[in-house]
Amino acid sequence: MKSLILSLLFFTVTAHGATFTINTKILKIRTVSDFNPVTTARNNIPFQVTGPLEGGCSWLYFSATNKDSYSLILAAKMADKTIGIQYSDAPSPWHAGTCQVHHLDLD
């Protein structure tokens with residue numbers, strides 16, 4: 001029984017470990033306010049890109065407290081520039097198809 005629990009724990013930890021990189025343009029940006037009824041979605045910035053995402057992702061997100069990332073995607077969107085994004089297939093707490101951003105790169 002103990003080995004089964006350890007196996008399940010290992011699978012859970014490693015199941016969402018893939019990291020992907022894409023160079024794309026920003027399609028849509030959303031904000032989720034404190035008034036959203038889905039409490040786990042509050043204070044996050046979900047966004048969509050024009051290029052195809054991997055890992056079952058349809059949206060990407062980062063925390064609204066990450067002002068630098070927010071500035072970069074806004075600048076890329078307004079200037080219609082390509083932005084480099086590194087993300088993982090780790091799902092957001094509120095939607096399995098919304099994946100976590102690790103790194104942004106705007107040249």
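Just above sits the structure.
Quick caveat: nothing in here was measured; it's all calculated off a predicted structure. (Residues numbered from 1 in each chain as written. Predicted model: local features only at pLDDT ≥ 70, side-chain atom pairs only at ≥ 80, totals over all residues. Heavy atoms only, no water.)

### Here we look at the overall build of the protein
Then, number 1: A tally of regular secondary structure across the protein gives two helices and six strands.
Then, number 2: Shown N-terminal to C-terminal, the secondary structure of the protein runs as helices and strands in the order α-β-β-β-β-α-β-β.
Then, number 3: Expressed as a percentage of the 107 residues in the protein, the buried residues total 34%.
Then, number 4: Put simply, 55% of the contacts in the protein that link residues at least 6 apart link residues at least 24 apart.
Then, number 5: About 6,700 Å² of surface is accessible on the protein, with carbon and sulfur atoms providing 58% of the total. (Helix = DSSP H or I, 4+ residues; strand = E, 2+ residues; numbered from the N terminus. Buried < 20%, exposed > 50% of the residue type's maximum accessible area, 1.4 Å probe, protein only. Contact = heavy atoms within 4.5 Å. Areas by Shrake-Rupley, 256 points an atom, 1.4 Å probe, with all protein chains shown as cover.)

### Looking at the environment of Val32
Then, number 1: Within the secondary structure, Val32 sits in the loop between β2 (26-29) and β3 (44-49).
Then, number 2: Residues Val32 and Asn43, eleven residues apart in the sequence, show an inter-C-alpha distance of 5.5 Å.
Then, number 3: When neighbours within four sequence positions are excluded, Val32 is seen to be in contact with Ala41, Arg42, Asn43, Asn44 and Pro46.

### Some thoughts on the nonpolar core
Then, number 1: Among the nonpolar cores identified, the biggest contains 19 residues, and Ile26, Phe47, Leu60, Ile73, Ile85 and Tyr87 are the most heavily contacted of them.
Then, number 2: Elements represented by at least two residues in this core include exactly β1 (19-24), β3, β4 (59-63), α2 (67-79), β5 (83-91) and β6 (98-105).
Then, number 3: When residues no more than four places from it in sequence are discounted, the contact partners of Ile26 are Phe47, Gln48, Val49, Ile73, Ala76, Lys77, Ile83 and Ile85. (Core = buried A, V, L, I, M, F, W, Y, C linked by side-chain atoms within 4.5 Å.)

### Some remarks on α2
Then, number 1: With 13 residues, α2 should cover 18 Å at 1.5 Å per step; its first-to-last C-alpha distance of 18 Å lies within 8% of that length.
Then, number 2: For α2, the full list of buried residues reads Ser69, Ile73 and Ala76. Seen from one end, α2 has its buried residues packed into an arc of 60°, which puts them on one side. Relative to its buried face, α2 has exposed residues pointing more than 90 degrees away, namely Lys67, Asp68 and Met78.
Then, number 3: Buried-residue contacts for α2 involve β2, β3, β4, β5 and β6.
Then, number 4: Taken from the residues just after α2, Asp80 is the one with a positive phi, measuring 55°. (Expected span 1.5 Å × (residues − 1). Arc of directions from axis to C-beta.)

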